[in-house]
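The primary structure of each chain is shown beneath.
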Amino acid sequence: MIVHNIGCSIHAPSDGLSEITRRHERLPVIRDVILARPRGFCAGVIRAIETVEQLVAAATRPVYVRHQIVHNADVVGDFERRGVSFIEDLNDVPVGMPLVLSAHGVSRKVRGAALRRRLEVIDATCPLVAKVHREIRAHVRAGRHVLLIGHRGHPEVEGSLGQVAADRITLVDPSDTDFALPTITGPVAYATQTTLDVEQTRALIARLQQVFPEIVGPGLQDICYATTNRQAAVRFLARHCDLVLVVGSANSSNAARLVEVAVNAGVKAQLVDGQPHRWRGAWREARRIGVTAAASAPESAVIACVGALARELGAIRIRSMGEEEAIRFPPPAGLPCPPGP
Ligand code: SF4
């Protein structure tokens, strides 16, 4: 896990300059817009998108993807315009066709159904999600009951629950404030969704350790590097801004957690899901606005958000903080060779 030291590379905002500007009535108030780094696409999302891109470029057969390849309406809409079909029911894929599994991963039942239908499975499951799957299966093989910390209904969680028999794994949803832990006799382990709120999960794991003193698990290590780094960047923004905008889709767990992290850090935060005009009233009240993007949100959406800020506020000074990530994952097996030059 890599957590960049994000506190050292922001330039101190020039409040003196802002004061001078404000005193001059004919000039607009200049608002600082601070862009988080890292923000936007993570290595797992880039790998999944490039997988579909490569199949589209090969143009040999129709491209089917189970579920949205990543939770972003812009990305999915762009692929749909280029003929990609996103399906939930494998019966919608003709027998023998290639099927891409999304970055969120799938249950063993779905994988088995794809093989029975003789689909050519190209597995774009993020390697960090696949790691959680392996851990869950290993715990059950070792005779442990698994408590999976994750948000009910999220496709990654559905896929992780489906790695083992239903009576060997129990969901612990951090959103359930009055969740009653099950009575379990025998060894217990826990596993986590990759996009959880780090601090909330830390508290939940401590509670599990009180109830099950012998419980084993990964600590916070399976909350992925991208989630950890983006949440750390948002906490930094929260200390320096009076409003944080999170660019992302409403069904993105990653985006929802970034909004929660900012709010829990004591700052106003809003999800900007492609309709920036909805939020403009709040923008006018803010003096310093932080902007970040979920791991599934493209940079074009960030540019659109900053453009809307500039149009609404008239004068903005754009800064950025933190460091870029350099992590990349190799492509999945089974992809056609990229077209030659
Ligand atoms: S957010 Fe993390 S787990 Fe999810 S695709 Fe990105 S790197 Fe993988």
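Just so you know, these numbers come straight off a predicted model, no measurement behind them.

A. Quick peek at the overall build of the protein chain. Looking only at helices and strands, the protein chain has 11 helices and 12 strands in total. Relative to its 341 residues, the protein chain shows a buried fraction of 52%. Restricting the contact set of the protein chain to residue pairs at least 6 apart, pairs at least 24 apart contribute 76%. When the accessible surface of the protein chain is split by element, carbon and sulfur atoms take 53% of a total near 15,700 Å².

B. Just the packing of helix 8 (residues 225–240) against helix 9 (residues 253–264), in detail. Remark: helix 8 packs on helix 9, axes separated minimally by 9 Å, with the N-to-C direction vectors making an angle of 30°. Crossing handedness for the pair helix 8 and helix 9: right-handed. Contacts from Thr227, Arg230, Gln231, Val234, Arg235 and Ala238 of helix 8 reach helix 9 at Asn254, Arg257, Leu258, Val261 and Ala262.

C. A look at the sheet that holds strand 2 (residues 64–66). Reading across the sheet, the 4 strands line up as 3-2-4-5 and stay open at both edges, with parallel pairing between neighbours. Whereas interior strands pair on both sides, the edge strands pair on one side only; in this sheet they are strand 3 (85–87) and strand 5 (120–123). With strand direction ignored, the average angle separating the axes of adjacent strands in the sheet is 30°. Relative to strand 5, strand 4 (residues 98–101) is paired through 4 bridges, and the arrangement is parallel. From the neighbouring strand, Val100 faces strand 5, where its bridge partner is Ile122. Contacts from helix 4 (residues 108–116) reach strand 2, strand 4 and strand 5, with the element oriented near 145° to strand 5.

D. Inspection of the sheet that holds strand 12 (residues 316–322) at higher detail. The strand order 10-9-11-1-12 describes an open sheet built from 5 strands, whose pairing is parallel. Two strands in the sheet have a free side with no partner beyond their single neighbour: strand 10 (268–272) and strand 12. Across the sheet, the mean angle separating the axes of adjacent strands is 25° when strand polarity is ignored. With 7 bridges connecting them, strand 1 (residues 31–37) and strand 12 associate as parallel partners. Pairing of Leu35 across the sheet is with Ser320, part of strand 12.

E. Seen up close, unusual backbone geometry. In the segment running from Arg37 into Pro38, the intervening peptide bond is cis, with an omega of 0°. Despite not being glycine, His67 has its phi angle at roughly 70°, a positive value. Look at His67 and you get buried, because its relative accessible area is 15%. Here Arg118, not a glycine, exhibits a phi torsion of approximately 55°, which is positive. The topology assignment puts Arg118 in the loop between helix 4 and strand 5.

Calculation criteria
Residues numbered from 1 in each chain as written. Predicted model: local features only at pLDDT ≥ 70, side-chain atom pairs only at ≥ 80, totals over all residues. Heavy atoms only, no water. Helix = DSSP H or I, 4+ residues; strand = E, 2+ residues; numbered from the N terminus. Buried < 20%, exposed > 50% of the residue type's maximum accessible area, 1.4 Å probe, protein only. Contact = heavy atoms within 4.5 Å. Areas by Shrake-Rupley, 256 points an atom, 1.4 Å probe, with all protein chains shown as cover. Axes fitted to C-alpha atoms, helices over the stretch in contact; angles between N-to-C directions. Left-handed = near helix turned anticlockwise from the far one by under 90°. Pairing = 2+ DSSP bridges.

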